[in-house]
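Chain residues, written in single-letter form:
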Amino acid sequence: VVGGDVMGSSCLISCSECFYMKELKIGIGMMYSPELLMDLDSEFALLPDLISSKEILADIRMLLEEKDAEIADGYGHQVYRCPECNDFFDQFYLRLEYESGSYEVKYICPECGVSLERLALDVVEKKPVALEKYPCPKCGNYSLQCSEGPILWD
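1. Here's the deal with the packing of aromatic side chains
Reasoning step 1: Applying the stated criterion across every chain, the model contains four aromatic pairs.
Reasoning step 2: Judged by centre distance (5.8 Å) and plane angle (55°), the rings of Tyr32 and Phe92 are tilted. Linking Tyr32 in the loop between β2 (21-26) and α1 (34-38) with Phe92 in strand β5 (residues 88-93), this pair joins segments that are 60 residues apart in sequence. For the pair shown, Tyr32 and Phe92 are each scored as buried.
Reasoning step 3: Ring plane angle 75° and centroid distance 5.4 Å describe the contact between Tyr80 and Tyr107, whose orientation is recorded as edge-to-face. Taken as a pair, Tyr80 in strand β4 (residues 76-81) and Tyr107 in the loop between β7 (101-104) and β8 (117-118) lie far apart in primary sequence, 27 residues in all.

Below, the structure is given as structure tokens:
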């Protein structure tokens, strides 16, 4: 399936030592076709809802129009982590490929202003790999876990 699974899932990251808990989206919704993602102008445009940065959307538009870029497989909601404050976020991962290179959407932590790092996902389990190697954003203990389940968001 292009883009990934037809149904997204959620990852509930929680700490067994404190009350930290955050639910994040993983994957894609049923409407996330490459054609709909490349439509930036209609009332049904998806990317402006998935990526809030006007600068990033302008970069994507330029690459689609001027470089004839195409959306690479593997796009979708993924788990990102701030290396500064250790908090987790779901952001829309998107990579464009074109003749002279590629472009990957980068995100900045709203608290710290540093670049977020995308965590590898276990494709079978649909959850972040080795979550226990990261400290809890709230208490600092290495006791994070992820429980996941299917969700529909479109």
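2. Thoughts on the sheet that holds strand β6 (residues 95-98)
Reasoning step 1: Strand order in this open sheet of three strands is β3-β6-β7, and the pairing throughout is antiparallel. At either margin of the open sheet sits one strand with a lone partner, and together these are β3 (70-71) and β7.
Reasoning step 2: Inspection of the sheet shows β6 paired to β7 by four bridges, in the antiparallel sense. Within β7, the position partnered with Glu97 by the bridge is Ser102.

3. Describing the pairing of β4
Reasoning step 1: Of all six residues that make up β4, six are buried, and the element is covered over most of its length.
Reasoning step 2: Relative to β5, β4 runs antiparallel, the two sharing six bridges. Residue His77 lies in a different strand from β5, and its bridge partner there is Phe92.
Reasoning step 3: The hairpin formed by β4 and β5 contains six residues between the paired strands, and Asn86 there has a positive phi angle of roughly 70°.
Reasoning step 4: Both β4 and β8 contribute to a ladder of two bridges, which runs antiparallel. Within β8, the position partnered with Tyr80 by the bridge is Arg118.

Scoring rules and cut-offs
- The numbering scheme is per chain: residues are counted from 1 as the chain's sequence reads.
- The predicted nature of this model means local features are confined to residues of pLDDT at least 70 and side-chain atom pairs, given and counted, to a pLDDT of 80 or more, with totals for whole chains, interfaces and linings taken over all residues.
- Note that the side-chain values use all heavy atoms of the structure and ignore hydrogens as well as water.
- Aromatic contacts are taken between Phe, Tyr and Trp rings whose centres are within 6.5 Å, Trp giving its six-membered ring; a plane angle under 30 degrees counts as stacked, one over 60 as edge-to-face, and the others as tilted.
- Each helix is a run of H or I in the DSSP string that is no shorter than four residues. Each strand is a run of E no shorter than two, and both are numbered from the N terminus.
- Relative accessibility thresholds used throughout: buried, under 20% of the residue-type maximum; exposed, over 50%; partly exposed, between the two (1.4 Å probe, protein chains only).
- In this analysis, strands are considered paired if DSSP registers two or more bridges between them.

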